[in-house]
Amino acid sequence: MSVKPLRSVLYVPGDKPRATEKARTLNADAVILDLEDAIAPEHKEAARENVRQALTWRWPGPLFVRVNGLGTPWEHDDREMALLGGVDGIVLPKAEDPAVLAGLHLRVPLWPMIETPLGVLRAPEIAAVPGVAGLIVGANDLARSLRTRPDPSRLPLLHALSAVVLAARAHSKLPLDAVFNDVRDSEGFTRECQQGRTLGFAGKTVIHPDQIEVANSTFGVTDEEAEEARALLSLWEQARAEGKSVATHRGVLIEQMHVDEAQEVLDLWRATKTNPS
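Residues numbered from 1 in each chain as written. Predicted model: local features only at pLDDT ≥ 70, side-chain atom pairs only at ≥ 80, totals over all residues. Heavy atoms only, no water.

Asker: Help me understand helix α9 (residues 186-199) in this model?
Answerer: Along an α-helix, residues three or four positions apart point the same way, because every turn accommodates 3.6 residues. Between its first and last C-alpha atoms α9 spans 20 Å; for 14 residues at 1.5 Å apiece the expected length is 20 Å, and the two agree. The complete set of buried residues in α9 reads Gly-188, Phe-189, Glu-192, Cys-193 and Gly-196. An end-on view of α9 places all buried positions within 140° of arc, on one side of the element. Residues of α9 that are exposed and angled more than 90 degrees away from the buried face: Glu-187 and Thr-198. Taken together, the buried residues of α9 touch β7 (174-177), β8 (203-206) and α10 (212-218). (Helix = DSSP H or I, 4+ residues; strand = E, 2+ residues; numbered from the N terminus. Expected span 1.5 Å × (residues − 1). Buried < 20%, exposed > 50% of the residue type's maximum accessible area, 1.4 Å probe, protein only. Arc of directions from axis to C-beta. Contact = heavy atoms within 4.5 Å.)

What follows is the structure in C-alpha cells.
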C-alpha cells in the first residue's frame, strides 16, 4: 500500500519570494503557495507572477496553490496559471456548492476549504465530488461566521471539526486541520495538534516553520509504534497459519480490523522514512 502522508502542510504567502525559496528547504510534507487571504488586492498580480516562477522549481514534496475564491476578479487567472504551471493540487477557499466544484474539471487534485456554515453542512457532498483529494478546515473564517468566542479548547468548533473529518473519511479523502494562529505559543500548538489527531485529522496546516516538526511528530508514527504494529502483524500471521480467525496480543483480542489498522500504521511510518526497513 502506498501512503502519501500530509502531516504538515505549510502556507507560504505568494508575494514573498524569500519565504517561498526557504520553504523548499523545510521538512513540511507539502507546501501551499497562497494567493488568497495572505495577499492584499494590490499585490495579487505580483504574487501570481512569483508563484508562476516558483512552479518551475524542483520541490521535495507536493506543491499546492491556494487560488482566490469563486466569483473574485482573480479566480480564472489564478487557476489558469496554476494548471499551466503543473501544480500538484489546487486549494479552493470557502467551498460551498458541490455542483460548482464538479463543474470545474481541473484535472488536478482539488482541496476545498470548509470555512463557512454552509460548507460544513455540505461537507459530505463536497467530499464526494470526483477529483476532491481532501478537505481543509478554515477555522478563522468559520469561527467568525458562527459568531463564536475564542476558546483554546475549540469547544465551539468541535461539532464542525468532527463533521469535516466524518465527511472526508466517509469518502476516503484526507481531512486536514486548521492553522494555529499564535506562532509564539508552542504549547498551545502542540495541544491543538494532539486534539486534531484525536479527532481523526490526517495532518495540520501550518503557518510557520517552527510548527512543522511538532505537526510531523503528532500526526506521524514513532519507531515504537511501528515496532508494535510489526509485532501485532507477526502474531496475526502466525494465528492465521494455525487456522485461527482471532488472536490475542498483549492480553487484548485482535481481529481483522486491528490488523488493517496496524498495517496502516506501518505504511505511514515507512512513508516518512528516507530508508525504511
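Asker: Before we go on, may I ask you to explain unusual backbone geometry in this structure?
Answerer: Comment: phi is negative for the bulk of residues other than glycine, and the bulk of peptide bonds are trans. Notably, His-105 is not glycine yet its phi reads approximately 50°, a positive angle. You can see His-105 is positioned in the loop between α4 (98-102) and β5 (110-114). The exposure class assigned to His-105 is exposed, which follows from its relative accessible area of 61%. The phi angle at Arg-147 is positive, at roughly 60°, despite the residue not being glycine. Examined against the element boundaries, Arg-147 turns out to sit in the loop between α7 (139-146) and α8 (158-170).

Asker: Could you clarify how one ought to interpret the environment of Ala-95 in this entry?
Answerer: Inspection of the secondary structure assignment puts Ala-95 in the loop between β4 (89-92) and α4. For Ala-95, a relative accessible area of 3% translates into the label buried. Residues Ala-95 and Ala-123, 28 residues apart in the sequence, show an inter-C-alpha distance of 8.9 Å. For Ala-95, the contacting residues outside a window of four places in its chain are Leu-101, Pro-112, Met-113, Ile-114, Thr-116, Gly-119 and Ile-126.

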